[in-house]
Amino acid sequence: MKENGIYNEEVAENIQASFASAIGSSTGKNYSLCHGDLGLIDILMVAEKKLSLSGNDKSLQINSLKNNIIESLFSNKPVQADINSVGLLNGIASIGYGLLRIFDSELVPSVLILDKPKN
């Protein structure tokens, strides 16, 4: 919003509170894009870019969360998602798409914010 010349203190405070709540969320219950860890990290990566957080403490927290999710996903624990479904938001496709987003969020658009594909 700032880059468009729009700023509101109350909105800025809500964004910061939402970010703090999201970064402090517990993980490992579900990996889906819809309501799981990969959806959480997707939104945090969007916030990181939109709020120009790159290189600060919040960016480090996001990267730490990404690493924790990847480590948990590739551990020997059972995958928490509806892996019998092929759906993009809840099924096994959501896990694959979420991992692609973590790997290259510049190339792979966010379906959660209806981001358009990059050229």
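Residues numbered from 1 in each chain as written. Predicted model: local features only at pLDDT ≥ 70, side-chain atom pairs only at ≥ 80, totals over all residues. Heavy atoms only, no water.

### Focus on the packing of helix 2 (residues 37-50) against helix 4 (residues 92-103)
Part 1: Where helix 2 meets helix 4, the axes come as close as 10 Å, and the angle between the chain directions of the two elements is 30°. When the interaxial angle is binned, helix 2 and helix 4 end up roughly parallel. In this structure, the crossing between helix 2 and helix 4 has a hand that is left-handed. Contact residues: Leu 38, Ile 41, Asp 42, Met 45 and Val 46 in helix 2; Ser 94, Ile 95, Gly 98, Leu 99, Arg 101 and Ile 102 in helix 4.
Part 2: Taken together, the residues that form the contact of helix 2 with helix 4 break down as seven nonpolar, two polar and two charged. (Axes fitted to C-alpha atoms, helices over the stretch in contact; angles between N-to-C directions. Helix = DSSP H or I, 4+ residues; strand = E, 2+ residues; numbered from the N terminus. Parallel < 35°, antiparallel > 145°, perpendicular 65-115°, else oblique. Left-handed = near helix turned anticlockwise from the far one by under 90°. Contact = heavy atoms within 4.5 Å. Nonpolar A, V, L, I, M, F, W, Y, C, P; charged D, E, K, R; others polar.)

### Description of the packing of helix 1 (residues 9-23) against helix 3 (residues 57-73)
When two helices pack together, their arrangement is given by the angle between their axes and by how far apart the axes lie.
Part 1: Helix 3 packs onto helix 1 with a crossing angle of 30° between their chain directions and a minimal axis gap of 11 Å. Taken together, the axis directions place helix 1 and helix 3 in an arrangement best described as roughly parallel. As helix 1 runs across helix 3, the sense of the crossing is left-handed. Side by side, helix 1 and helix 3 meet where Gln 16, Phe 19 and Ile 23 of the first sit next to Lys 58, Gln 61, Ile 62 and Leu 65 of the second.
Part 2: The residue makeup of the contact of helix 1 with helix 3, split by class, is four nonpolar, two polar and one charged.

### Examining the confidence of the model for the protein chain
Part 1: In this model, the protein chain carries a mean pLDDT of 85, and residues with pLDDT of at least 70 account for 92%.
Part 2: Per-element confidence in the protein chain is highest for helix 4, whose mean pLDDT is 92, and lowest for helix 1, whose mean pLDDT is 86. (pLDDT = per-residue confidence, 0-100.)

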